[in-house]
Amino acid sequence: MPHAGLCLYRREAPSRRSAMRYLHTMIRVRDLDASLRFYCKGLGLQEMYRTENEKGRFTLVFLAAPEDVELAKARKAPLVELTYNWDDEEYGGGRNFGHLAYRVDDIYETCQRLMDMGVTINRPPRDGHMAFVRSPDNISIELLQDGDLPPAEPWVSMPNVGAW
């Protein structure tokens, strides 16, 4: 059995160093007030910021652990994202857990490396900013570009596949 923290599958050295940073974990909640009471009063997390999206009919609330507050202020990470959809919805099949999110320095290179490994790009980075893939255990992973990349082929023309 491998030792804790040991990654047995190290990538071969790429032509240039690829950087990645953990951002947040998204959890869908049915009752925002009850969830905030649990996460903030119960666990001691602190609300860092929130976004209300009337068009999409949802609220995002980002929370940080007390020891991560200064880092979260500086980097907007590491955070827990509570997603409250205004329309009533049952979250069966683990839909209440959303995704892990990572910032990458080259989303096109990252997606290509994953495709070369046989990974399906569920939501291609058509905009040069965001993509979604799934782990072997079907966990949704969001990849976000650090900085701006112009939209480029073949990504612009790739359709969405499955759900993310």
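Not measured: the values here are computed from a predicted model.

The rules we used
- Per chain, residues are indexed from 1 in the order of the written sequence.
- Where totals are concerned, whole chains, interfaces and linings use all residues; where local detail is concerned, this predicted model gives features only for residues with pLDDT of at least 70, and gives and counts side-chain atom pairs only at 80 or more.
- Hydrogens and water molecules were not included; the side-chain quantities draw on all heavy atoms of the structure.
- The rule for a salt bridge is simple: a side-chain nitrogen of Lys or Arg has to be within 4 Å of a carboxyl oxygen of Asp or Glu.
- Starting at the N terminus, helices and strands are each numbered in turn, a helix being any DSSP run of H or I of at least four residues and a strand any DSSP run of E of at least two.
- Throughout this description, buried means an accessible area under 20% of the type-specific maximum (1.4 Å probe, protein chains only), exposed means over 50%, and partly exposed covers the range between.
- Criterion used throughout: strands pair if DSSP finds at least two bridges between them.
- Between the N-to-C directions of two axes lies an angle of 0 to 180 degrees, each axis being a line fitted to C-alpha atoms and, for a helix, fitted only over the stretch in contact.
- For this analysis, residues touch if any pair of their heavy atoms sits within 4.5 Å.
- A score between 0 and 100, pLDDT records how confident the predictor is in each residue.
- Each polar contact in these results corresponds to two N or O atoms within 3.5 Å; when the atoms are within protein, one needs to be able to donate a hydrogen and the other to accept it, and residues that are neighboring in sequence are counted only if both atoms are side-chain atoms.
- The term nonpolar core refers to a set of buried residues drawn from Ala, Val, Leu, Ile, Met, Phe, Trp, Tyr and Cys, joined through side-chain atoms within 4.5 Å.

A. Representation of the pattern of salt bridges. Per the stated rule, a full pass over the model turns up 7 salt bridges. D88 is the salt-bridge partner of R30, the closest N and O atoms lying 2.9 Å from each other. Placement of the pair is R30 in the loop between β1 (20-29) and α1 (32-42) and D88 in the loop between β4 (79-85) and β5 (97-104), with a sequence separation of 58 residues. Taking the relative accessible area as the measure of exposure, R30 reaches 42% and is therefore partly exposed. Among the charged side chains, a network of salt bridges with common partners joins R30, D88 and E90.

B. A look at the sheet that holds strand β2 (residues 46-53). Strand order across the open sheet formed by 8 strands is β2-β3-β4-β1-β5-β8-β7-β6, with mixed pairing between neighbours. In this open sheet, the two edge strands, each paired with only one partner strand, are β2 and β6 (121-123). Within the sheet, the average angular offset between the axes of one strand and its neighbour, ignoring direction, is 30 degrees. Relative to the sheet, α1 contacts β1, β2, β3 (58-64) and β4, its axis offset from that of β3 by approximately 5 degrees. Those strands touched by helix α3 (residues 107-116) are β5, β6, β7 (130-134) and β8 (140-145), and its axis lies near 145 degrees from that of β8.

C. Quick peek at the confidence of the model for the protein chain. Mean pLDDT over the protein chain: 88, with 89% of residues reaching 70 or higher. Mean pLDDT values for the elements of the protein chain range from 87 in β5 up to 97 in β2.

D. Summary view of the pairing of β7. Sheet topology note: the β6/β7 ladder contains 2 bridges and is antiparallel. Bridge pairing in β7 places I121 opposite V133. Connecting β6 to the antiparallel partner β7 that follows it, the hairpin turn spans 6 residues, and G128 within it adopts a positive phi of roughly 75 degrees. Note: β7 against β8, 5 bridges, orientation antiparallel.

E. Quick peek at the environment of F132. Turning to its location among the elements, F132 is positioned in strand β7. Of the residues examined, F132 reaches a relative accessible area of 6% and is grouped as buried. Sequence separation between F132 and E142 is 10 residues; the distance between their C-alpha atoms is 4.6 Å. Beyond its immediate sequence surroundings of up to four residues, F132 is in contact with H99, I121, N122, R123, S140, I141, E142 and W164.

F. Inspection of the environment of R126 at higher detail. In this structure, R126 sits in the loop between β6 and β7. For the pair R126 and Y108, spaced 18 residues apart in sequence, the C-alpha to C-alpha distance is 9.6 Å. Dropping the residues within four chain positions of it, R126 is found in contact with P151, W155, V156, M158, P159 and N160. Within polar-contact distance, the side chain of R126 engages the backbone oxygen of M158 at 2.9 Å. Side-chain polar atoms of R126 contact the side chain of N160, separated by 2.9 Å.

G. Summary view of the pairing of β1. Two strands pair when backbone bridges link them, and β1 and β5 are joined in this way by 6 bridges, in the antiparallel orientation. Following the sheet pairing, H24 is matched in β5 by A101.

H. Inspection of the nonpolar core at higher detail. Formed by V104, I107, Y108, C111, L114, I121, A131, V133, I141, L143 and W155, the largest nonpolar core amounts to 11 residues. The greatest single-element share of this core, amounting to 4 residues, is contributed by α3. Once you skip the residues sitting within four places of it in the chain, C111 turns out to touch I121, P125, A131, L143 and W155. Counting 8 residues, the second-largest nonpolar core is a separate cluster that includes V29, Y39, L63 and L82.

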